[in-house]
Amino acid sequence: DAKTTQPNSMESNEEEPVHLPCNHSTISGTDYIHWYRQLPSQGPEYVIHGLTSNVNNRMASLAIAEDRKSSTLILHRATLRDAAVYYCILRVQGGSEKLVFGKGTKLTVNP
Amino acid sequence: EAQVTQNPRYLITVTGKKLTVTCSQNMNHEYMSWYRQDPGLGLRQIYYSMNVEVTDKGDVPEGYKVSRKEKRNFPLILESPSPNQTSLYFCASSPLPTGGAPRTQYFGPGTRLLVL
């Protein structure tokens, strides 16, 4: 599985946008970029995924660089409930269903 | 409500006493999986199942067994637990992929196990 690199931690203030970066310089053409998050004392939950184009859903937006070597998860208005560890995961089309979690980025949201 | 449930949520046991952690999903998913989460090591896959009666080892299967007799249930069995199996366990499920994008996985709330 191609490797991803994320900052260990980030801080944000409530109601402000948050941009969580992920580098994946060895990404292949069939790798999808998935984001999951894990709130304290809970199981991981799906956030968003994309292949080449930017994606939006009710939780977040995903901005993918033109060369696909990096991506950014955007939370438009952080709330205290967004405090979690965010994982950027590459998944191959037609590949294993196993999720390979790295260390992720721990997001702290200040009131 | 679509969900993955696990029982028990917390368990303290002693070395060698067989235990089973149950996992059930109500989404008719074919794929189910068990992960363990340890500080500094992240989540690692223990076993997975692509469908009823089809199971396979993940990255850390030693000391664990699973079964998949029904589509909705995927119990994790520790025949003789040891202290190094003290961990936080998560069950997950998803539909099987249809050749396109990988499918979203849904996780249970976790089972915290302490083996003394």
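Residues numbered from 1 in each chain as written. Chains lettered and ligands numbered in written order. Predicted model: local features only at pLDDT ≥ 70, side-chain atom pairs only at ≥ 80, totals over all residues. Heavy atoms only, no water.

Visitor: I keep staring at the overall build of chain A and nothing clicks. Help me out?
Guide: Of the regular secondary structure elements, chain A holds zero helices and nine strands. Traced from its N-terminal end to its C-terminal end, chain A shows the element sequence β-β-β-β-β-β-β-β-β. Computed over the C-alpha atoms, the radius of gyration of chain A is 13 Å, within 12% of the 13 Å expected from 2.2 N^0.38 for a compact globule of 111 residues. Burial analysis of chain A (111 residues in total) assigns 42% to the buried set. The contacts in chain A between residues at least 6 apart in sequence include a share of 57% that link residues at least 24 apart. (Helix = DSSP H or I, 4+ residues; strand = E, 2+ residues; numbered from the N terminus. Rg over C-alpha atoms; globule rule 2.2 N^0.38 Å. Buried < 20%, exposed > 50% of the residue type's maximum accessible area, 1.4 Å probe, protein only. Contact = heavy atoms within 4.5 Å.)

Visitor: I'm lost on the overall build of chain B in this one. Help?
Guide: A tally of helices and strands in chain B yields zero helices and 11 strands. Listing each helix as α and each strand as β along chain B from the N terminus yields β-β-β-β-β-β-β-β-β-β-β. A total of 116 residues make up chain B; the buried ones form 49% of that total. Long-range contacts, defined here as pairs at least 24 residues apart, represent 54% of the contacts in chain B between residues at least 6 apart. By element, 52% of the accessible surface of chain B is carried by carbon and sulfur atoms, the whole surface being about 5600 Å². Charge centroids of chain B, computed over 13 positive and 9 negative side chains, lie 4 Å from each other. (Areas by Shrake-Rupley, 256 points an atom, 1.4 Å probe, with all protein chains shown as cover. Lys, Arg positive; Asp, Glu negative; His and termini not counted. Charge placed at Lys NZ, Arg CZ, Asp CG, Glu CD.)

Visitor: I tried to follow the interface of chain A and chain B on my own but got confused; where do I start?
Guide: Residue-level contacts link 20 residues of chain A with 22 residues of chain B. Summing the contributions of chain A and of chain B, the shared interface buries around 1600 Å²; its carbon and sulfur component is 53%. Counting every contact that joins chain A to chain B gives one salt bridge. The tally of links between chain A and chain B comes to six residue pairs in polar contact (both at pLDDT 80 or more). Secondary structure elements with two or more residues in the side of chain A that touches chain B: β3 (31–38), β4 (45–50) and β8 (84–92) of chain A. If you tally residues by element for the side of chain A that touches chain B, the top one is β3(A), at four residues. (Buried area = accessible area lost by both parts, 1.4 Å probe. Salt bridge = Lys/Arg side-chain N within 4 Å of Asp/Glu carboxyl O. Polar contact = N/O pair within 3.5 Å; in protein donor to acceptor, adjacent residues only side chain to side chain.)

Visitor: Looking at this model, I keep getting lost on the pattern of salt bridges. Mind explaining?
Guide: A side chain of one charge can pair with a side chain of the opposite charge if their charged atoms are brought near each other. A complete count under the given rule lists nine salt bridges over all chains for this structure. In this structure, A:K98 engages B:D59 in a salt bridge whose closest nitrogen and oxygen atoms are separated by 3.0 Å. Of this pair, A:K98 sits in the loop between β8 and β9 (105–110) while B:D59 sits in the loop between β6 (54–57) and β7 (65–66), on two different chains. Between B:D38 and B:R44 there is a salt bridge, with the nearest N and O atoms lying 2.8 Å from each other. The exposure class of B:D38 is buried, given its relative accessible area of 11%.

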